[in-house]
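Residue-level structural notes
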Amino acid sequence: MRLLLVEDDDRVAAALSAVLGRHGFQVRHARSGHEALDALVPDGSDPYRVVLLDLGLPDRDGFEVCSRIRAASSVPVIMVTARADIRSRIHGLNLGADDYVTKPYDMGELLARIHAVARRGVATAAQTAEPDGPNPPRGPLEARGVVIDRERRRVSVHDRDVPLTRKEFDLLALLAQSPGVVYRREQIFSEVWRSGWEGNGRTLEVHIGSLRTKLGLPGLVEAVRGVGYRLIPEQPADGKGADGRPEDGAPDERPAGDGEAGR
């Protein structure tokens, strides 16, 4: 998932970019409003899914930048700023910002908000492309020979149907929305189980293990220690997972491997 970070403080941007990169985001850093607007001009590359916008920019106010972005694009914008007063919040949202986060913030919450506005952005784009119905069909998701038909709730691997439980399907479909992006445990439980994850870590491990077994692709879903899970879109040429382990994936299924059990 491509993300545009608009931040004039290089130290803040470097730290945030490093964390986002570890969670599977491709981050471009813009240091000014002018650079941000230039970055959003279509050039044939994959579009940005989210813009993180600081308000204190050197060349123009972030509110103006947000207004210009919204006039030209529907890309979701999250204002990330030290301005905590209610007037600034209201003004930013009225200008078209999709969310408003004040510094200092919790990184887990920021990641959850990024995923949330990215999903809304995809839904809005689909409705725009299919104006004849309020709930347009969603196309299948594909990765590593796995085809996920979200309308019929069917999964196949190399044309072989794979029966999954409702939670297994929802879990796979969530991870497949953004291959390579790490989904935190808290977010997975919120969206798939509609509950908090505390005390339920083993439940998630069991479902991940079941998915690996039923799909016959142990390396498709990777555990990111202490964070969550991500779907690996392509099989590495050396036959190992993204963490350098063999594709059999067995170490990840142990309670201690995912860092979940006992938390």
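Residue numbering note: each chain is counted from 1, following its sequence as written. The predicted nature of this model means local features are confined to residues of pLDDT at least 70 and side-chain atom pairs, given and counted, to a pLDDT of 80 or more, with totals for whole chains, interfaces and linings taken over all residues. Each side-chain value is derived from all of the structure's non-hydrogen atoms; neither hydrogens nor water enter the calculation.

Concerning the sheet that holds strand β4 (residues 77-81)
Within a sheet, adjacent strands bond to each other through the backbone by hydrogen bonds, running parallel or antiparallel. We apply this condition: Note: two strands are recorded as paired if DSSP finds a minimum of 2 bridges between them. Secondary structure counts use DSSP, requiring at least four H or I residues in a row for a helix and at least two E residues in a row for a strand, with both numbered from the N terminus. Under this scheme, a helix contributes an axis fitted over its contacting stretch, all axes are lines through C-alpha atoms, and angles between N-to-C directions fall in the 0 to 180 degree range. Contacts were defined at the residue level, with two residues in contact if any of their heavy atoms lie within 4.5 Å.
Here five strands make up an open sheet; going across it, the order is β2-β1-β3-β4-β5 and the pairing parallel. Sheet topology places β2 (26-30) and β5 (99-102) at the edges, where each strand pairs with a single neighbour. Pairwise comparison of adjacent strand axes, ignoring direction, gives a mean angle of 20° for this sheet. Two strands pair when backbone bridges link them, and strand β3 (residues 50-53) and β4 are joined in this way by three bridges, in the parallel orientation. Bridge assignment links Leu 52 to a residue of β4, and that residue is Ile 78. Seen against the sheet, helix α3 (residues 62-72) touches β3 and β4 and runs at an angle of roughly 175° to β4.

Regarding the pairing of strand β1 (residues 2-6)
Which entries qualify depends on this criterion: Note on classification: 1.4 Å probe, protein chains only; a residue is buried when its accessible area is under 20% of the maximum for its type, exposed when over 50%, partly exposed between these limits. By the criterion used throughout, a crossover qualifies as right-handed when its path from the first strand across the helix to the second strand runs clockwise, the strands pointing away from the viewer.
Within β1, four of the five residues are buried, which leaves it mostly tucked inside the rest of the structure. Pairing geometry for β1 and β2, over five bridges, is parallel. When the sheet's bridge partners are listed, Arg 2 is paired in β2 with Gln 26. For the segment spanning β1, helix α1 (residues 10-22) and β2, crossover handedness is right-handed. In this structure, β1 lies alongside β3, joined through four bridges in parallel fashion. Looking at β3, one finds that Leu 5 is bridged to Leu 52.

Here we look at the nonpolar core
Soluble, globular proteins show a tendency: their nonpolar side chains are buried together. Note the threshold: For the purposes of this section, nonpolar cores are sets of buried Ala, Val, Leu, Ile, Met, Phe, Trp, Tyr and Cys residues that join through side-chain atoms within 4.5 Å.
One finds Ile 148, Leu 172, Leu 175 and Ile 188 to be the most contacted residues of the largest nonpolar core, which totals 29 residues. Of all the secondary-structure elements, those providing two or more residues to this core are β6 (141-143), β7 (146-149), β8 (154-157), α6 (166-177), α7 (185-193), α8 (201-215), β11 (221-224) and β12 (228-231). Here this core takes seven residues from α6, the largest share from any one element. If near-sequence neighbours (up to four positions away) are discounted, Ile 188 is found in contact with Leu 171, Leu 174, Leu 175, Tyr 183, Trp 193, Leu 204 and Tyr 229. In this structure, Tyr 48, Leu 55, Val 75 and Val 77 belong to the second largest nonpolar core, which totals 19 residues.

Section: the sheet that holds β11
Strand order in the open sheet formed by three strands is β10-β12-β11, with antiparallel pairing between adjacent strands. Sheet topology places β10 (183-184) and β11 at the edges, where each strand pairs with a single neighbour. Alignment of β11 against β12, held across four bridges, turns out to be antiparallel. The residue bridging Val 224 from the neighbouring strand is Gly 228, located in β12.

Description of the packing of aromatic side chains
The criterion, for reference: Ring pairs are drawn from Phe, Tyr and Trp, using the six-membered ring of Trp, whenever the two centres fall within 6.5 Å, and their geometry is named by plane angle: stacked under 30 degrees, edge-to-face over 60, tilted for the rest. For a Lys NZ or an Arg CZ to count as sitting over a ring, it must be within 6 Å of the ring centre and within 35 degrees of the ring normal.
Counted under the stated rule, the structure contains one aromatic pair. The lysine or arginine in question, Arg 2, covers the ring of Tyr 48, its NZ or CZ lying 4.2 Å from the ring centre.

Some thoughts on empty space enclosed by the protein
Stated formally: Grid points spaced at 1 Å and placed over the protein atoms alone form the basis of the search, with a cavity being a set where a 1.4 Å probe fits but cannot get out and a pocket an open set showing protein on both sides within 12 Å along at least five of seven lines. Lining residues have an atom within 4 Å of a point. Grid points are joined across faces, edges and corners, and a volume is the space filled by probe spheres set on the points. Residue polarity follows a fixed list, in which Ala, Val, Leu, Ile, Met, Phe, Trp, Tyr, Cys and Pro are nonpolar, Asp, Glu, Lys and Arg are charged, and the others, Gly among them, are polar.
All told, the structure shown has two cavities of 30 Å³ or more when counted by the stated rule. Volume-wise, the second largest cavity comes out at about 50 Å³. Leu 5, Val 6, Glu 7, Val 12, Leu 16, Leu 52, Leu 53, Asp 54, Val 80, Lys 103 and Tyr 105 together form the lining of the second largest cavity. The set of elements that each furnish at least two residues to the lining of the second largest cavity consists of β1, α1 and β3. Tallied by class, residues from the lining of the second largest cavity come to eight nonpolar, no polar and three charged.

What to know about α1
Quick reminder of the rule: In a helix, the anticipated span is given by 1.5 Å times the number of residues less one. For this quantity, the arc is that covered by the directions from the helix axis to the C-beta atoms. Here a polar contact is recorded for every N or O atom pair within 3.5 Å, except that within protein the pair must consist of a potential hydrogen donor and a potential acceptor, and residues adjacent in sequence are included only if both atoms are side-chain atoms.
Across its 13 residues, α1 extends 18 Å between first and last C-alpha, which sits within 8% of the 18 Å expected from 1.5 Å per residue. Listing the buried residues of α1 in full gives Ala 13, Leu 16, Val 19 and Leu 20. All buried residues of α1 project into a common sector of 135° when viewed along the axis, lining one side. Pointing more than 90 degrees away from the buried face of α1 are the exposed residues Arg 11 and Arg 22. Of the residues flanking the start of α1, the one acting as N-cap is Asp 9, its side-chain oxygen 3.0 Å from the backbone nitrogen of Arg 11. The positive-phi residue at the C-terminal boundary of α1 is Gly 24, with phi of around 90°.

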